[in-house]
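# Coordinates in review
One-letter residues, chain by chain:
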Amino acid sequence: MAKFTFNMPDIGEGIAEAEIVQWHKQVGDTVQEDEEFVDMMTDKATVPMESPVNGKILEIAGGEGDMVSIGSMLVVIEVEGEVPDEVAEENEAAADATPAPAPKDDDVEERIEVENPDPSDADDAMAADPSPPPAPSPTPAPKPKAKADTKVLATPAVRKRAKDLGVDLAQVKPAEDGRVRHGDLDQFLSYNSGYGSAAPTREDEEKKVIGMRRRIAENMAASKRNIPHFSYVEEVDVTDLEELRAQLNANRGDKPKLTILPMLITAICKTLPDFPMMNARYDDEAGVVTRYGSVHMGMAAQTDAGLMVPVIKNAQAQNLWQLANEISRLADAARSGTAKSEEMQGGTLTVTSLGPLGGVATTPVINRPEVAIIGPNRIIERPMYVTGSDGAERIEKRKLMNISISCDHRVVDGWDAASFVQALKKLLEAPALILVS
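Everything in this summary refers to the structure shown in the same document. Owing to the predicted nature of the structure, the values given are computational and were not obtained by experimental measurement.

As a further point, take helix 7 (residues 320-336). The terminal C-alpha atoms of helix 7 lie 24 Å apart, and with 17 residues this matches the ideal 24 Å at 1.5 Å per residue to within 8%. Of the surrounding secondary structure, the elements contacted by the buried residues of helix 7 are helix 5 (239-250), helix 6 (260-271), strand 15 (297-299), strand 16 (301-303), strand 17 (306-308) and strand 18 (311-312). One side-chain oxygen at the N-terminal end of helix 7 lies 3.0 Å from the backbone nitrogen of Trp-321; it belongs to Asn-319. Trailing helix 7 by a residue or two, Gly-337 shows a phi angle of about 80°, which is positive.

On to the pairing of strand 21 (residues 393-408). Inspection of the sheet shows strand 12 (residues 229-237) paired to strand 21 by nine bridges, in the antiparallel sense. Bridge assignment links Tyr-232 to a residue of strand 21, and that residue is Ile-405. The pairing of strand 20 (residues 372-387) with strand 21 spans 14 bridges and is antiparallel. Bridge pairing links Pro-376 to Ile-403 in strand 21.

Before going further, it helps to spend a moment on the packing of helix 6 against helix 7. Helix 7 packs onto helix 6 with a crossing angle of 120° between their chain directions and a minimal axis gap of 9 Å. Overall, the two elements helix 6 and helix 7 adopt an arrangement that is oblique. Along this stretch, helix 6 crosses helix 7, giving a crossing that reads as right-handed. On helix 7, the residues touching Leu-261, Pro-262, Met-263, Ile-265 and Thr-266 of helix 6 are Leu-320, Leu-323, Ala-324 and Ile-327. Looking at the contact of helix 6 with helix 7 residue by residue, the classes come out as eight nonpolar, one polar and no charged.

Reading the values: rules and limits
Residues numbered from 1 in each chain as written. Predicted model: local features only at pLDDT ≥ 70, side-chain atom pairs only at ≥ 80, totals over all residues. Heavy atoms only, no water. Helix = DSSP H or I, 4+ residues; strand = E, 2+ residues; numbered from the N terminus. Expected span 1.5 Å × (residues − 1). Contact = heavy atoms within 4.5 Å. Polar contact = N/O pair within 3.5 Å; in protein donor to acceptor, adjacent residues only side chain to side chain. Pairing = 2+ DSSP bridges. Axes fitted to C-alpha atoms, helices over the stretch in contact; angles between N-to-C directions. Parallel < 35°, antiparallel > 145°, perpendicular 65-115°, else oblique. Left-handed = near helix turned anticlockwise from the far one by under 90°. Nonpolar A, V, L, I, M, F, W, Y, C, P; charged D, E, K, R; others polar.

Here you go:
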């Protein structure tokens, strides 16, 4: 028998350490060659580690949430016979490895030095580059459902409320006509203190913040700590835009169904050439702003593990249908945890939307080191004054949407942000221009 110490390899991300997200094997378990035994998270992605040998695990580097330095011991495996020379040499090289420098983006329009940077505020966390989620936690067993009662007369709303409260309607005294109403249910609850409480007490629990959730926490804290945010909100009439979208969907054939997001991204890409300061990243440690010629659009996506931001590369070169396909593909990859490392980094501007949950206005947090983030809000219908072709004013029902933008005030002025949004508004309210090359 021999002991083989498997060292944490340099996985080419330019990192010094990685976080233990999930162990698939524990001390005493056997492991086969090429079998995945642990998931490690970097700043960019979750990477499974495979065993190079067969054997039994004798020691592991730590628990989930612990950090392991590149080149240090990750796991000790007991093997039969001698470890193959090529495996031993590769593992020794891993122990001596120094992290490779992070690749630089060569898609640069211009670089601008910014005077008086504050190095004390520099932080290596990047809000734009969260990683794919770890494997989902087991789903808790469902709570027992309230006893269904189809004999009692009651409206669907009363039945649903009773079910949510865990109340058997057969125990509730109905009104004279035999029908249970909300008032009867209220009276029952008042005389049965503690029965079917609308807000059941849950036990306190402590949950260690690790993996994706910890990465999000670090990135958001770094963004708010280092970036002086300011937000600007403008109302946009999207009635004509929604009508155009409906027409395109009605004649789309086998193309994907269009949401408003690809149309918004196209409008943003057409607006950005006149406002290059918006499509940029700020290296506050070096005091350099990099303005990009291509638009690498970050797309905030909610997953079971938390918020992730996959990146649509070269969004300005894609048409509406291509964007719709890419949005769907990247969102699915993010939610399933199959997004590649390169798909989660390199964003130059981010769009974040809560869809139908979006409120009247939002103040989104910038994905550091980007300098701006755009948040479309919920579309609502309401009456407004409209001037007709004859110059007369009349009241019409219109579809309206607020657009929010947050900017880094160190490198983006309020006038520039407002001018950008006004130009974007003009394009969205004349949507035929979106389709013009």
